[in-house]
Structure formats: structure tokens, C-alpha cells
Amino acid sequence: MTKDEIAAILAKPYAQQLLNGPEPARFAYDGLDGDPRVIPIGFWIEGGRILMATVPKSAKVAAVRKNPKVALTIDSGAFPPKALLIRGTAVVEVVQGVPEGYLFAGHKVMTDEQYPEWEAGVKGLYSEMGLITVTPTWAKLLDFETTIPKSVEDLIKEKSAG
């Protein structure tokens, strides 16, 4: 996919709702043992890239450094389902302190009353963080209103023709 095609998908209203909503991303990567992993993780977006922060010595940091090919799914639990699927390449860097985006991502999932205590705890815990930045190389939005999986689309066409 081209950067423009990816940007057009990420700019769609449902994609923007998912990218800016409280749902975590499901982050998929290959573990150091070669087996796949999927974890829920908070994220934020900057300039069309998806960012996450974690403990610099976490297993996912080491795994992504070894194999930077990753995938993300951000979805809603409502019906009809909405899912944003992203594949990309990740880069890891260790940054000092707590990135503002990490604080923003945390605030998306809690009340204003909960946030100050959480923020203080996070800032007290982390002197540095592993920043994982994913540059999308492919994206697809499934909203089951205007877009559906190709296999379902093909089945509908097949049944309509028959």
C-alpha cells in the first residue's frame, strides 16, 4: 500500500474514532522464542504513526528490536463491529521520563478523578521508557457498514449470482 492509501484509511471517521477512543490496541509481534504474541496496550498517534511506551527491559522491547514487523488491531465491542487493522514496522528507542503521549493514552481510559493519582504514580515509577513507534505499511478498516472482509464480500456476490 502507498502512504496516501494508508493515510486515507486512517482518516476515515470510524478509523479516527478507534484511533482516538479509549479502546486499547491489540499489539502482535513475534516473541524471542519465535512464537506469536498479542497483548492489549495503550497507544497514541502522531503524524500517522502509532506509539506505545513500556518498561525498557520488557520482553516486547527485546522482541521488536529483533523482528520489527508487527500488527495492531483496534476494535470496538459494539455491534456492528468496527475494527482497524494495521501492519507495520516498529522502531524502539529509550527515552528519558514519561512521554506526554503515554499520559494522554492513559487518560483516555480513566476518569478525571482517577487521573492525577495515576499520573503521579507513573511519573514516580519511570525514569525512562521504551518508546515503540509503528509506521504503518498496510491498513484496513472493517466497519460492517461500508467495508466488510473480502471473503464475506465474495460470498455475498456468489450467493447473489446463484
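Small disclaimer: the values here were computed from a predicted structure and weren't measured.

**Section: helix H2 (residues 13–20)**
Okay, step 1: When H2 is considered as a whole, its buried residues turn out to be Ala15, Leu18 and Leu19. Projection of H2 onto a plane perpendicular to its axis shows the buried side chains occupying an angular sector of 100°, all on one side. Turned more than 90 degrees away from the buried face of H2, the exposed residues are Pro13 and Gln17.
Okay, step 2: Contact partners of the buried residues in H2: helix H1 (3–11), strand E3 (44–46), strand E5 (69–75), strand E6 (83–96) and strand E7 (128–142).

**What to know about the side chain of Ser76**
Okay, step 1: Tracing the backbone shows Ser76 in the loop between E5 and E6.
Okay, step 2: A relative accessible area of 16% means that Ser76 is categorised as buried.
Okay, step 3: Those residues within four positions of Ser76 in sequence are excluded, and the remaining contacts are Leu18, Glu23, Pro81 and Lys82.

**Thoughts on the pairing of E7**
As a general feature of sheets, a regular strand has side chains that alternate between the two faces.
Okay, step 1: Examined bridge by bridge, strand E4 (residues 49–54) and E7 share five bridges and lie antiparallel to one another. Looking at E7, one finds that Leu51 is bridged to Thr133.
Okay, step 2: Pairing geometry for E6 and E7, over 14 bridges, is antiparallel. Directly across from Val92, in E7, lies its bridge partner Ile132.

Calculation rules
Residues numbered from 1 in each chain as written. Predicted model: local features only at pLDDT ≥ 70, side-chain atom pairs only at ≥ 80, totals over all residues. Heavy atoms only, no water. Buried < 20%, exposed > 50% of the residue type's maximum accessible area, 1.4 Å probe, protein only. Helix = DSSP H or I, 4+ residues; strand = E, 2+ residues; numbered from the N terminus. Arc of directions from axis to C-beta. Contact = heavy atoms within 4.5 Å. Pairing = 2+ DSSP bridges.

Don't take any of this as a statement about function, it's just geometry.
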